[in-house]
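Chain and residue survey
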Amino acid sequence: VVVALFAIVFNFMQYGSAYGIRVILVILVAVGSSVLTEVVWFLLNKKPVLSSLAVSFPWVTGLILALMCQVNVSLYALSMGSIFAILFGKLIFGGFGHNIFNPAGVGRAVVLTGFASAVVVDFATGATPTSTMNAYGWLINDAALGETFLSGFGGLSNLFIGSYAGALGETSTLTLILVGIYLSWRK
């Protein structure tokens, strides 16, 4: 949730209210599709919906999937990815804790392979470090090229803080480290 809040605030501040609202919409679509898929599953299998949802945690898969996508992902593709994530990444294998794949990873694979045109570069937010590294051939062995790469994103400190475009949950290394420390401390 902290990482999602960072993504919302960053997009509001960096790109304006349209992008901040879009991040909220991406999260709502992914979480809503995940929860709705499980509700339908439980109804079809004649299981108590509320008590089943309380131990199945579909919103976690939806939130993680949303954080794995960029702000400009097609909402239809994201919804289909969420449905596939829950059905084929989780429920078919017995539900929460019994899945052999990461359900959000299954959803991301569906979005990337089944809806490749839905994952296009957003010219307002610009290139991501990952797409730039891909253009460089994934290996920077020249100091001048390294400086060019870093300057394109405001330097190493900007990459650490997260002031660049990317998947919603991947940009701020600082936020991810702080959340990791907190979770480790809470065990």
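See the structure printed just above.
Structural notes, computed from the coordinates. (Residues numbered from 1 in each chain as written. Predicted model: local features only at pLDDT ≥ 70, side-chain atom pairs only at ≥ 80, totals over all residues. Heavy atoms only, no water.)

Topic: the side chain of threonine 61
Take threonine 61: it is sitting in helix 4 (residues 58–67). Contacts of threonine 61, omitting those with residues within four sequence positions, involve Ser34, Ala85, Ile86, Lys90, Pro103 and Ala104. (Helix = DSSP H or I, 4+ residues; strand = E, 2+ residues; numbered from the N terminus. Contact = heavy atoms within 4.5 Å.)

Quick word on helix 5 (residues 75–89)
Helix length check: helix 5 (15 residues) gives 20 Å between terminal C-alpha atoms against 21 Å at 1.5 Å per residue, within 8%. Regarding helix 5, the residues found buried are Ala77, Leu78, Ser79, Gly81, Ser82, Ala85, Ile86 and Gly89. Its buried side turned inward, helix 5 meets helix 2 (17–44), helix 4 and helix 6 (103–114). Its side-chain oxygen at 3.3 Å from the backbone nitrogen of tyrosine 76, serine 74 defines the N-terminal cap of helix 5. (Expected span 1.5 Å × (residues − 1). Buried < 20%, exposed > 50% of the residue type's maximum accessible area, 1.4 Å probe, protein only. Polar contact = N/O pair within 3.5 Å; in protein donor to acceptor, adjacent residues only side chain to side chain.)

A short note on the pattern of salt bridges
Inspection of every chain in the model, using the stated rule, returns 1 salt bridge. For the salt bridge of lysine 90 with glutamate 38, the shortest nitrogen-to-oxygen distance reads 2.7 Å. In this pair, lysine 90 is assigned in the loop between helix 5 and helix 6 and glutamate 38 in helix 2, connecting sequence segments 52 residues apart. An identical accessibility class is assigned to lysine 90 and glutamate 38; each is buried. (Salt bridge = Lys/Arg side-chain N within 4 Å of Asp/Glu carboxyl O.)

Looking at unusual backbone geometry
With a phi close to 55°, lysine 46 is a non-glycine residue in the positive phi region. Within the secondary structure, lysine 46 is located in the loop between helix 2 and helix 3 (49–56). The backbone of lysine 187 sits at a positive phi, close to 60°, despite the residue not being glycine. Inspection of the secondary structure assignment puts lysine 187 in the segment after helix 10 (173–186).

Describing the nonpolar core
Counting 21 residues, the largest nonpolar core has Val23, Val26, Ile27, Leu67, Val73, Leu78 and Leu168 as the members making the most contacts within it. Among the secondary structure elements, those contributing two or more residues to this core are helix 1 (2–15), helix 2, helix 4 and helix 6. The dominant element in this core, judged by the number of residues it contributes, is helix 2, at 6 residues. Setting aside chain neighbours within four positions, we find valine 23 in contact with Ala7, Ile8, Asn11, Val71 and Leu168. (Core = buried A, V, L, I, M, F, W, Y, C linked by side-chain atoms within 4.5 Å.)

Remarks on the environment of valine 55
Within the secondary structure layout, valine 55 lies in helix 3. On the basis of relative accessible area, valine 55 is assigned to the exposed category, the value being 55%. Along the chain, valine 55 and glycine 95 lie 40 residues apart, while their C-alpha atoms are 9.6 Å from each other.

Thoughts on the packing of aromatic side chains
Inspection of the entire model under this criterion finds 7 aromatic pairs. With 5.8 Å between their ring centres and 75° between their planes, phenylalanine 93 and phenylalanine 101 make a pair best called edge-to-face. Given a relative accessible area of 44%, phenylalanine 101 falls into the partly exposed group. Both rings, one in tyrosine 182 and one in tryptophan 185, keep their centres 6.1 Å apart while their planes meet at 45°; by these two values the pair is tilted. (Phe/Tyr/Trp six-rings, centres within 6.5 Å; stacked < 30°, edge-to-face > 60°.)

So, helix 2
In this model, helix 2 (28 residues) spans 40 Å end to end at C-alpha, consistent with the 40 Å of a helix rising 1.5 Å per residue. In the segment just after helix 2, lysine 46 is the residue with positive phi, at about 55°.

These results come straight from atomic positions and should not be treated as a statement about function.
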